[in-house]
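# Structure at a glance
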Amino acid sequence: PNAFQTLDRAGRPVIGFTAALLDDMRNADELAFVMSHEAAHHIAGHIPRQQQNAAAGAVIFAGLATLTGGDLNTVRSAQELGAAVGARSYSKEFELEADRIGTIISIRAGYDPLIGVRFFNRLPSPADEMLGTHPPNGKRIALVRQTAREHPLSAATW
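Structure report, in brief. (Residues numbered from 1 in each chain as written. Predicted model: local features only at pLDDT ≥ 70, side-chain atom pairs only at ≥ 80, totals over all residues. Heavy atoms only, no water.)

## Here's the deal with the overall build of the chain
The criterion, for reference: Elements are defined by DSSP. Helices are runs of H or I of four residues or more, strands are runs of E of two residues or more, and each kind is numbered from the N terminus. Note on exposure labels: buried denotes an accessible area under 20% of the residue type's maximum, exposed denotes more than 50%, and partly exposed covers the range between, all computed with a 1.4 Å probe on protein chains only.
Across its full length, the chain holds seven helices and two strands. Helices and strands appear in the chain in the N-to-C order β-β-α-α-α-α-α-α-α. Considering only C-alpha atoms, the chain reaches an extent of 65 × 35 × 30 Å along its principal axes. Taken over 158 residues, the chain has a buried fraction of 36%.

Laid out in structure tokens, this is it:
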């Protein structure tokens, strides 16, 4: 099960869901939370930020390979590795930022993110590895709970 955000050929935001994710959704709050999380990636500008990080990583790694006397193939390999490392350098922070913004979006749209975030309880929690792309589920759930406390649903928020 997966959801993702990307851009179409014209640069417009697109949110995608796999059929497995849609089959696993148990209620509208879960679907709204996941959709809000993916929309939050767009709102926060994560795609261009990730592209900038990838470009910076490619330049740094290629520069290091050049300085150490690497041949053209070595420099190209270093550039590719640097781009991959750079693209992942802030991915956990991006996920947490999208969880925070997505929580607020869910609340303002009339959904309960505390019900929606239960979806994480059914997913394997990623290890907190250095180049991992997602933080542990427990950390994400705690952030959603904290954000929901800071932004309670009330008539004043509508």
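## What about the side chain of glutamate 38?
To keep it simple, the criterion reads: By the counting rule applied here, Lys and Arg register as positive and Asp and Glu as negative, while His and the ends of each chain are not counted. The term salt bridge refers to a side-chain nitrogen of Lys or Arg lying within 4 Å of a carboxyl oxygen of Asp or Glu. N or O atoms closer than or at 3.5 Å make up a polar contact, with two conditions inside protein: a donor-capable atom paired with an acceptor-capable one, and, for residues adjacent in sequence, both atoms drawn from side chains. In this analysis, two residues are considered to be in contact whenever any of their non-hydrogen atoms come within 4.5 Å of each other.
Structurally, glutamate 38 is set in helix α2 (residues 28-43). Although glutamate 38 is buried, it forms no salt bridge, and the closest oppositely charged side chain is arginine 140 at an N-O distance of 6.7 Å. Reaching out from glutamate 38, the side chain makes a polar contact with the backbone nitrogen of glutamine 5 at a distance of 3.4 Å. Discounting residues that sit within four places of it in the chain, glutamate 38 has contacts with Ala3, Phe4, Gln5 and Ile15.

## Description of the side chain of histidine 37
Its location among the elements puts histidine 37 in helix α2. Among the polar contacts made by the side chain of histidine 37, one reaches the side chain of aspartate 99 at a distance of 2.7 Å. Contact partners of histidine 37, with chain neighbours within four places excluded, come to Glu95, Ala98, Asp99, Gly102 and Arg140.

## Remarks on the environment of leucine 143
Within the secondary structure, leucine 143 is located in helix α7 (residues 137-150). What makes leucine 143 buried here is its relative accessible area of 19%. Separated by 43 residues in sequence, leucine 143 and arginine 100 have C-alpha atoms that sit 6.8 Å apart.

## Re α7
Cut-off, in case you're wondering: In this analysis, the expected span of each helix is defined as 1.5 Å times one less than the number of residues it contains. What the arc measures is the spread of directions leading from the helix axis to the C-beta atoms.
Counted at 1.5 Å a residue, the expected span for α7 with its 14 residues is 20 Å, and the 20 Å between its end C-alpha atoms agrees. For α7, every residue scored as buried is listed here: Asn137, Arg140, Ile141, Leu143, Val144, Thr147 and Ala148. Along the long axis of α7, the arc covered by the buried residues comes to 160°, so they all point the same way. Those residues of α7 that are exposed and angled more than 90 degrees off the buried face are Gly138 and Arg149.

## What about the pattern of salt bridges?
If you walk through the whole model with that rule in mind, you get six salt bridges. Arginine 122 is paired through a salt bridge with aspartate 24; the nearest N and O atoms lie 3.6 Å apart. Taken together, the residues arginine 122 in the loop between α6 (113-116) and α7 and aspartate 24 in helix α1 (residues 19-24) connect sequence positions 98 residues apart. Looking at arginine 122, the relative accessible area reads 25%, which means it is partly exposed.

By themselves, these figures tell us nothing about what the structure is for.
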